[in-house]
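# Architecture at a glance
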Amino acid sequence: MAFEIERKFLVKDHSYVAMADSAKTIRQAYLSTRPESTVRVRTVDECGFLTVKSKNIGTIRHEWEYEIPYDDAMEMMSNCAVTPIIEKIRYNVGRWEIDEFRNSLSGLTIAEIELKDENEKIAIPEFIGEEITGDSRYYNSVIAMTGKIPD
């Protein structure tokens, strides 16, 4: 069983772009957005992924992710998604992943860091703003369903 332990933050400036180790284009949609679990299909550049996540308990949740053929991922997004497709550019800065949302969500940028355990101390870079860990308005599945930046 796989666990994901992460903290999420809003980003207050674009200084992370100059620090980025890499950047990838992500397109994703949800096949299920039940409160107990979500099922997401995603493409990262030319690769496809199917991910199942359990409900969060604080900073921890179960997560299972499987690589699938890119064409299958695109077909699932087109034919099975219960949400619109959201697009973002993901920048990696060390252990930090910074998602710059596109289209109707342009202006929303969220940073997250996966932790080794929920009590791990982390250094907070200057570009990091308000912590939003556990704020369901900023879950990708909720953002995909509403199609708008949370108030």
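Residues numbered from 1 in each chain as written. Predicted model: local features only at pLDDT ≥ 70, side-chain atom pairs only at ≥ 80, totals over all residues. Heavy atoms only, no water.

### Observations regarding the overall build of the protein
Condition: Secondary structure counts use DSSP, requiring at least four H or I residues in a row for a helix and at least two E residues in a row for a strand, with both numbered from the N terminus. Buried residues are those whose accessible area, probed at 1.4 Å on protein chains only, stays under 20% of the maximum for their type, while exposed residues exceed 50% and partly exposed ones sit between those limits. In this description, contact between two residues means that some pair of their heavy atoms is separated by no more than 4.5 Å. All accessible areas in this document rest on Shrake-Rupley with a 1.4 Å probe, and a residue is counted as covered only by the protein chains that are shown. Positive residues here are Lys and Arg, negative ones are Asp and Glu, while His and the chain termini are left out of the count. In this description, the location of a charge corresponds to atom NZ of lysine, CZ of arginine, CG of aspartate or CD of glutamate.
Counting secondary structure elements, the protein contains three helices and nine strands. Tracing the protein from N to C terminus, the helices and strands come up as β-α-β-β-β-β-α-β-β-β-β-α. Expressed along its principal axes, the backbone C-alpha trace of the protein runs to roughly 40 × 30 × 30 Å. Looking at the protein residue by residue over its 151 residues, the buried ones come to 42%. Counting only contacts in the protein whose residues sit at least 6 apart along the sequence, the fraction spanning at least 24 positions is 60%. For the protein, the computed accessible surface area is about 8200 Å², with 52% contributed by carbon and sulfur atoms. In the protein, 19 side chains carry a positive charge and 27 a negative one; their mean positions are 4 Å apart.

### Describing unusual backbone geometry
With a phi angle near 55 degrees, D45 is a residue other than glycine that sits in the positive phi range. Tracing the backbone through its elements, the reader meets D45 in the loop between β3 (37–44) and β4 (47–54). Residue classification places D45 among the partly exposed positions, given a relative accessible area of 37%. Backbone geometry at N103 places phi at a positive 60 degrees, although glycine is not the residue there. By secondary structure assignment, the location of N103 is in the loop between β7 (96–101) and β8 (109–114).

### Concerning the pairing of β4
Filter applied, for reference: Each pair of strands is called paired provided DSSP finds at least two bridges between the two strands.
Pairing geometry for β3 and β4, over eight bridges, is antiparallel. Each residue of the ladder has a partner; that of T43, found in β4, is G48. Counted between consecutive antiparallel strands, the loop separating β3 from β4 contains two residues, among which D45 sits at a positive phi close to 55 degrees. When β4 meets strand β5 (residues 60–68), the two strands line up antiparallel, connected through six bridges. Within β5, the position partnered with L50 by the bridge is Y66.

### Some words on the pattern of salt bridges
Defined as follows: The salt bridge definition used is simple: a Lys or Arg side-chain nitrogen within 4 Å of an Asp or Glu carboxyl oxygen.
Applying the stated criterion to the full structure yields 15 salt bridges. Residue D99 pairs with R90 through a salt bridge whose shortest N-O separation is 2.7 Å. Neither D99 nor R90 differs from the other in exposure class; each is buried. As a salt-bridge pair, R137 and D135 come within 2.7 Å of each other at their nearest N and O atoms. By relative accessible area, R137 is classed as partly exposed at 38%. Three or more residues joined by partner-sharing salt bridges are found here, namely E4, E6, K53, R61 and E63.

### Section: the nonpolar core
The criterion, for reference: Take the buried residues of types Ala, Val, Leu, Ile, Met, Phe, Trp, Tyr and Cys, join any two whose side-chain atoms come within 4.5 Å, and each joined set is a nonpolar core.
With 15 residues, the main nonpolar core has Y16, W96 and I98 as its most contacted residues. Broken down by secondary-structure element, the contributors of at least two residues to this core are β1 (3–11), β6 (86–93), β7 and β8. Excluding anything up to four places from it in sequence, W96 contacts F9, Y91, A111, E112, I113, I122, A123, I124, P125 and I128. Core analysis: the next-biggest nonpolar cluster, separate from the first, contains eleven residues, L105, L108, I132 and I143 among them.

### Here we look at the side chain of S32
When you line up the elements, S32 lands in strand β2 (residues 22–32). Using a relative accessible area of 18% as the deciding quantity, one classes S32 as buried. Discounting residues that sit within four places of it in the chain, S32 has contacts with S37, T38, V39 and V82.

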